[in-house]
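Now for the letters of each chain:
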Amino acid sequence: MKVVLPGGTGQVGAILDRALTAAGHEVTVVTRRPARARDIGWDGATLGRWAEAIDGCDVVINLAGRSVSCRYTAENRQAMMDSRVDSARVVGEAIAAAARPPRLWLQMSTATVYAHRFDAAHDEATGVIGGSEDGVPDYWAYSVAIAENWERAQTEAPTPATRKVALRSAMVMSPDRGGVFDVLSRLARLGLGGPVAGGAQYVSWIQDEDFVRAVEFLIAREDIEGPVNLASPGPLPQRDFMRALRAAWGVPLGLPATRWMAELGAFALRSDTELLLKSRRVVPGRLLAAGFTFARPEWGSAATSLVERARTRACGSDAGP
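Enquirer: How would you explain helix α6 (residues 208–220) if you had to name every residue and give the values?
Expert: Compared with the 18 Å implied by 1.5 Å per residue over 13 residues, the 19 Å span of α6 between its first and last C-alpha is a close match. Residues of α6 that are buried include every one of D208, D210, F211, V212, A214, V215, F217, L218 and I219, and no others.

In structure tokens:
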């Protein structure tokens, strides 16, 4: 199978690249910084020679978009919007122009499209789209607008021969350096992994291996199109999420943080408190209904497995080549 990964050099792209290549598929990565023979350069907004890779491939998985781990200034918010919408639009243009269009276009999206909520979980059929909640910062609506425009760029692309799926992904947990699991683990190991602002806000997540398996499942299931939640069936409050992570690392205590402390921490990390404070209670309704089974549906088991892999990787690094 020939797979093209626009934006495939980030954390999620690296996960998919490794897994699909190891499975024997031919993977081409489209990136702003090509470094390998199978990398192709692009600017994320205009057609170019990179589009030739899409003509004749089997699957396109577009992951392109500026990292959300930044301060949500007006400039950064606009960059997050433009990088997502422009890349989805131009991928659609490349597919529309292809003499042999791919049979499937998987477009990265985000579970952040759903409303900040504690009382019920969001699935694809009954979930409430966010942007108009009471009692949350006004700028949180912009993150929802990014997700809506991102998905709209795929939906409106004139690609009748290509099935389209929008991947409304929760946080992908992997032991890779610099990923969200790595950041949260460092906080937990420093004793800082306690509840934030009470810790009642829900955390939705998916382990990297299940993320890959879900992508492979969607490639095989030709009857599924439209939005699909890529999240484990076990979202849990942030205080419980961090408690399980601390237990996996063998850390007994985690200092709690108030909202203003979270603001200071986010500022120091050049990130934003929306990532910490928004309650994302998302479940994989369509995947479960289609018969997909999760290898790691519960966070306690997933955290233990990820810690074991992180320790093994660290030992391998210490041992040298």
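Enquirer: Now, about the packing of helix α3 (residues 74–97) against helix α4 (residues 140–155): what can you tell me, with residues and values included?
Expert: It is at 8 Å that the axes of α3 and α4 come closest, and there the two elements cross at 10°. Between α3 and α4, the angle is such that the two are roughly parallel. Across from R77, Q78, M80, M81, R84, V85, A88 and R89 in α3, the residues of α4 making contact are Y142, A145, I146, N149, W150 and A153. Counted by class, the contact of α3 with α4 contains 9 nonpolar, 2 polar and 3 charged residues.

Enquirer: Can you lay out helix α7 (residues 238–249) for me, pointing to particular residues and giving the numbers?
Expert: Taking 1.5 Å of rise per residue, 12 residues should cover 16 Å, and α7 covers 17 Å from first to last C-alpha, within 8% of that figure. G250 lies just past α7 and shows a positive phi near 75°.

Enquirer: Kindly report on the nonpolar core, identifying the contributing residues and their values.
Expert: Membership of the largest hydrophobic core comes to 35 residues, with the highest contact counts inside it found for L16, I61, L106, F211, L218, L230 and L287. Tallying contributions element by element places α6 first for this core, with 7 residues. Those residues within four positions of I61 in sequence are excluded, and the remaining contacts are V3, V4, L5, P6, L16, L20, L106 and V215. Counting 20 residues, the second largest nonpolar core, distinct from the first, contains V203, L245, A302 and A303.

Enquirer: Break down the pattern of salt bridges for me, with residues and values.
Expert: When their charged atoms lie close together, side chains carrying opposite charge are able to pair. In total, this model carries 16 salt bridges according to the counting rule given. For R36, the salt bridge is made with D17, and the minimal N-O distance between the two is 3.1 Å. Here R36, found in the loop between β2 (26–31) and β3 (39–41), pairs with D17, found in helix α1 (residues 11–22); they are 19 residues apart in sequence, far enough to count as distant. Looking at R36, the relative accessible area reads 37%, which means it is partly exposed. E151 serves as the salt-bridge partner of R168, at 2.8 Å between the closest nitrogen and oxygen. Of the two residues, R168 is situated in strand β6 (residues 163–169) and E151 in helix α4; the sequence distance between them amounts to 17 residues. A relative accessible area of 10% places E151 in the buried class. One network of salt bridges, with partners in common, ties together D17, R36, R38 and D39.

Enquirer: Go over the sheet that holds strand β4 (residues 59–62), please, and point to the residues and values.
Expert: Sheet architecture is open: 7 strands sit in the order β3-β2-β1-β4-β5-β6-β10, paired in parallel fashion. Both outer strands of the open sheet, β3 and β10 (226–230), are each paired with one neighbouring strand and no more. Across the sheet, the mean angle from the axis of one strand to that of its neighbour is 20°, orientation sign disregarded.

Enquirer: Outline the packing of aromatic side chains, supporting the account with residue identities and numerical values.
Expert: One pass over the structure, following the stated rule, counts 7 aromatic pairs. Here the aromatic rings of Y72 and Y139 are separated by 6.2 Å at their centres, their planes lie at 85°, and the arrangement is edge-to-face. Of this pair, Y72 sits in the loop between β4 and α3 while Y139 is found in the loop between β5 (104–108) and α4, placing the two residues 67 residues apart along the sequence. The buried category is assigned to Y72, whose relative accessible area is 9%. Assessed through its relative accessible area of 25%, Y139 is described here as partly exposed. Arranged with centres 4.9 Å apart and planes meeting at 85°, the rings of F292 and F294 form a pair that is edge-to-face. In terms of burial, F292 and F294 fall into one category: buried. One aromatic cluster is present, formed by F181, W205, F241 and W299 through successive ring pairs. Directly above the aromatic system of W150 lies the positively charged group of R84, at a separation of 4.9 Å from the ring centroid.

What counts, and where the lines are drawn
Residues numbered from 1 in each chain as written. Predicted model: local features only at pLDDT ≥ 70, side-chain atom pairs only at ≥ 80, totals over all residues. Heavy atoms only, no water. Helix = DSSP H or I, 4+ residues; strand = E, 2+ residues; numbered from the N terminus. Expected span 1.5 Å × (residues − 1). Buried < 20%, exposed > 50% of the residue type's maximum accessible area, 1.4 Å probe, protein only. Axes fitted to C-alpha atoms, helices over the stretch in contact; angles between N-to-C directions. Parallel < 35°, antiparallel > 145°, perpendicular 65-115°, else oblique. Contact = heavy atoms within 4.5 Å. Nonpolar A, V, L, I, M, F, W, Y, C, P; charged D, E, K, R; others polar. Core = buried A, V, L, I, M, F, W, Y, C linked by side-chain atoms within 4.5 Å. Salt bridge = Lys/Arg side-chain N within 4 Å of Asp/Glu carboxyl O. Pairing = 2+ DSSP bridges. Phe/Tyr/Trp six-rings, centres within 6.5 Å; stacked < 30°, edge-to-face > 60°. Lys NZ or Arg CZ within 6 Å of the ring centre and 35° of its normal.

Scope: geometric values only; no functional claims are made or implied.
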